Amino acid sequence: MVLSLVIQGAICYLFEYFAANYLLNSGYGLPNAGASGAPIGDLMVITGTWLFGSYAAGRAFMLVQAFTVFLALIGTTSPA
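As the structure is a prediction and not an experimental result, all values here were calculated from the model.

Caption draft 1: Quick peek at helix α3 (residues 39-52). For α3, spanning 14 residues, the distance from its first C-alpha to its last is 20 Å, which sits close to the expected 20 Å at 1.5 Å a residue. Taken as a whole, α3 has its buried residues at Gly41, Leu43, Val45 and Gly48. Elements in contact with the buried residues of α3: α1 (2-24) and α4 (55-77). Immediately beyond the C-terminal end of α3, within one or two residues, lies glycine 53, with a positive phi of roughly 90 degrees.

Caption draft 2: Structural context of a nonpolar patch on the surface. Together, Tyr13, Leu14, Tyr17 and Phe18 give the surface a local cluster of nonpolar side chains, amounting to about 460 Å² of exposed area. Mapping leucine 14 onto the fold places it in helix α1. Assessed through its relative accessible area of 45%, leucine 14 is described here as partly exposed.

Caption draft 3: Spotlight on the packing of aromatic side chains. Summed over all chains, the structure comprises three aromatic pairs. Ring geometry for tyrosine 13 against tyrosine 17: centres 6.3 Å apart, planes inclined by 25 degrees, an arrangement best described as stacked. Taken together, the residues span about one helical turn, with tyrosine 13 and tyrosine 17 both in helix α1 at a distance of four residues. Accessibility expressed as a relative area gives 51% for tyrosine 13, which makes it exposed. Seen from their ring centres, tyrosine 17 and phenylalanine 18 are 5.3 Å apart, and the 80 degrees between their planes marks the pair as edge-to-face.

Conventions used here
Chains are numbered independently. Their residues run from 1 in the order of the written sequence. pLDDT decides what is reported in this predicted model: residues at 70 or higher carry local features, side-chain atom pairs at 80 or more are listed and counted, and totals for whole chains, interfaces and linings draw on all residues regardless. Derived side-chain values reflect all non-hydrogen atoms in the structure, with water molecules and hydrogen atoms excluded from consideration. Per the convention used, a helix needs a DSSP run of H or I reaching at least four residues, while a strand needs a run of E reaching at least two, with both numbered from the N terminus. Any helix carries an expected span of 1.5 Å times its number of residues minus one. Here's how the labels work: a residue is buried when its accessible area is under 20% of the maximum for its type, exposed when over 50%, partly exposed in between, all with a 1.4 Å probe on protein chains only. Throughout, a contact is declared for two residues whenever any of their heavy atoms are within 4.5 Å. Patch building starts from residues that exceed 30% relative accessible area and form no salt bridge, then joins like charges within 9 Å and nonpolar side chains (Val, Leu, Ile, Met, Phe, Trp, Tyr) within 5 Å. The method behind every accessible area is Shrake-Rupley, applied with a 1.4 Å probe, and residues are considered shielded solely by the protein chains displayed. For this document, the term salt bridge refers to a Lys or Arg side-chain nitrogen within 4 Å of an Asp or Glu carboxyl oxygen. Ring pairs shown here join Phe, Tyr and Trp side chains whose ring centres sit within 6.5 Å, with only the six-membered ring taken for Trp; geometry is labelled stacked below 30 degrees between planes, edge-to-face above 60, and tilted in between.

Any functional reading would require information beyond the geometric quantities listed.
So, in C-alpha cells, the structure goes:
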C-alpha cells in the first residue's frame, strides 16, 4: 500500500512539474506569477481561455475549479 502511494505521488508530482513548466514557459513567466495575488488562478484562467476560446469562459472555468476545491475542503473536514 505504501509503495502504491509513493508511485502515485511520484507520477502526480512529475505531471504537475512538467505541466507547470509548460505553462510558465508559454507567455506567463515567473515574474508575472510572482507579482500575481493568485498565480494558480491565473494559470486556470489561461487554461480555460485556451480550452473554451474566450477570457470570460476561462474565468468561469477557474471559478468552477475553485468551487470544487472548496467543496472538497468541506468534505474532508466534515465530521460526519
